[in-house]
Amino acid sequence: MHSPLPYDSQHLRQLTGELITHVRELGHAGWTPATSSNFSMRLDERHAAITVSGRDKSKLCESDVMVVDFDGRPVATELRPSAETLLHTQLYRRAREIGCVLHTHSLVQTVASRLFAPQGHVRFEDYELQKAFAGNHTHQGAIDVPVFANTQDMRELMPKVETALETRPMWGYLIEGHGLYAWGRDMPEARRHLEAFEFLLACELKIRELKR
Ligand SMILES: CSCCC(=O)C(=O)COP(=O)(O)O
Ligand SMILES: [Zn+2]
């Protein structure tokens, strides 16, 4: 006899479908090169659906999505979750309203993470597109996106993310030479934030290029 699953498998199927659609689109846009990137959605108050480690995200299918608890442990599966699972579960554990976390490695994100690492942040100032971030209702003002040093030890990165989250409302951060984390209350909002980060980072890179 199998013990019953500790989550709603119907809900998991629904989230998996949503992940497949969006992740494949991001893969086809070239934002997930060489099996990079990882993606998750909140399943309930203790579990998240997350991509299996090492899979080709542009060809994501049902068997590439698994369940973890908020300590990052696989639930009812032998599959290995994303190497960066703890960066996802940290956000779900911290804020009930976070429903989706998207991590990508686009060229723009990776170049920007290198260029702005010495300052420790990228500043977006007076862009109309700042209104794409939840809670922002005007182009006026500055939004600082943190850039953290890369590491293979997520437990080293987590306290830095935690500190940044305590100081300001935040919808994403960069990791140096690595990529971008963005999140939202649901998939459409996380996707909007991800696209806004991509566009604004591209603007900042372009401005620097034109000034040279
Ligand atoms: C080949 S990409 C290196 C790992 C990484 O940064 C990433 O986003 C993908 O890791 P995962 O374990 O989630 O496949
Ligand atoms: Zn990564």
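Owing to the predicted nature of the structure, the values given are computational and were not obtained by experimental measurement.

With that settled, the discussion passes to the overall build of the protein chain. Each helix and strand in the protein chain was counted, giving 5 helices and 8 strands. Of the regular secondary structure in the protein chain, the N- to C-terminal order runs α-β-β-β-α-β-α-β-β-α-β-β-α. By the compact-globule yardstick of 17 Å for 212 residues, the protein chain fits well, its C-alpha radius of gyration being 17 Å. Viewed in the frame of its principal axes, the protein chain has a C-alpha envelope of about 65 × 35 × 30 Å. A total of 212 residues make up the protein chain; the buried ones form 53% of that total. Taking as baseline every contact in the protein chain between residues at least 6 positions apart, the subset at least 24 positions apart corresponds to 62%. By element, 51% of the accessible surface of the protein chain is carried by carbon and sulfur atoms, the whole surface being about 10,700 Å².

So, about the UniProt feature "domain: Class II aldolase/adducin N-terminal" (unreviewed entry) in the protein chain. With numbering aligned to this structure, UniProt lists the feature "domain: Class II aldolase/adducin N-terminal" (unreviewed entry) at residues 17-205. The straight-line gap between the two end C-alpha atoms of residues 17-205 is 34 Å; of that span, 34% is helix and 22% is strand.

Burial along strand 5 (residues 121-125) is one-sided: the residues V122 and F124 are buried and none of H121, R123 and E125 is. For strand 5 and strand 6 (residues 142-148), the ladder comprises 5 bridges, and the chain directions are antiparallel. Following the sheet pairing, F124 is matched in strand 6 by I143.

Here 8 strands make up an open sheet; going across it, the order is 3-2-1-4-8-7-6-5 and the pairing mixed. In the strand order of this sheet, the two ends are held by strand 3 (65-69) and strand 5, each with one partner. Strand-to-strand twist in this sheet, taken as the mean axis angle between neighbours without regard to direction, amounts to 20°. As paired strands, strand 2 (residues 47-51) and strand 3 are joined by 5 bridges and run antiparallel to one another.

Looking now at the site of ligand 1. Among the 14 residues in the neighbourhood of ligand 1, the closest are listed as S37, S53, G54, S82 and E84. Taking K57, its side chain carries an N or O atom lying 3.1 Å from an oxygen atom of ligand 1. Contact with the protein chains hides 74% of the accessible area of ligand 1, taken as 400 Å² for the molecule alone. For the shell around ligand 1, the residue count by class is 2 nonpolar, 10 polar and 2 charged.

In this section: the environment of A95. Summarising the element assignment, A95 is placed in the loop between helix 2 (85-94) and strand 4 (100-104). On a C-alpha basis, the gap between A95 and R185 in space is 9.7 Å, while along the polypeptide they are 90 residues apart.

Attention now moves to the pattern of salt bridges. Per the counting criterion, the structure on display carries 13 salt bridges. Among the ionic pairs, R93 bridges to D71, the shortest N-O distance being 2.4 Å. With a gap of 22 residues between them, R93 in helix 2 and D71 in the loop between strand 3 and helix 2 connect regions that are remote in the sequence. Look at D71 and you get partly exposed, because its relative accessible area is 39%.

Once that is clear, we can look at helix 4 (residues 154-167). Taking 1.5 Å of rise per residue, the 14 residues of helix 4 would be expected to cover 20 Å, and the 20 Å separating its terminal C-alpha atoms lies within 8% of that figure. Looking only at helix 4, the buried set comprises M154, L157, M158, V161, A164 and L165. Within helix 4, the buried residues cover an arc of 130° as seen down the axis, which keeps them to one side. Helix 4 presents R155, E166 and T167 as exposed residues on the side facing more than 90 degrees away from its buried surface. On its buried side, helix 4 packs onto helix 2, strand 6, strand 7 (172-175) and strand 8 (179-184). In this structure D153 caps helix 4, since a side-chain oxygen of it lies 3.0 Å from the backbone nitrogen of R155.

About the criteria used
- Residues numbered from 1 in each chain as written.
- Chains lettered and ligands numbered in written order.
- Predicted model: local features only at pLDDT ≥ 70, side-chain atom pairs only at ≥ 80, totals over all residues.
- Heavy atoms only, no water.
- Helix = DSSP H or I, 4+ residues; strand = E, 2+ residues; numbered from the N terminus.
- Rg over C-alpha atoms; globule rule 2.2 N^0.38 Å.
- Buried < 20%, exposed > 50% of the residue type's maximum accessible area, 1.4 Å probe, protein only.
- Contact = heavy atoms within 4.5 Å.
- Areas by Shrake-Rupley, 256 points an atom, 1.4 Å probe, with all protein chains shown as cover.
- UniProt positions renumbered as here; feature names shortened; annotations may be inferred.
- Pairing = 2+ DSSP bridges.
- Axes fitted to C-alpha atoms, helices over the stretch in contact; angles between N-to-C directions.
- Near = heavy atom within 4 Å.
- Polar contact = N/O pair within 3.5 Å; in protein donor to acceptor, adjacent residues only side chain to side chain.
- Nonpolar A, V, L, I, M, F, W, Y, C, P; charged D, E, K, R; others polar.
- Salt bridge = Lys/Arg side-chain N within 4 Å of Asp/Glu carboxyl O.
- Expected span 1.5 Å × (residues − 1).
- Arc of directions from axis to C-beta.

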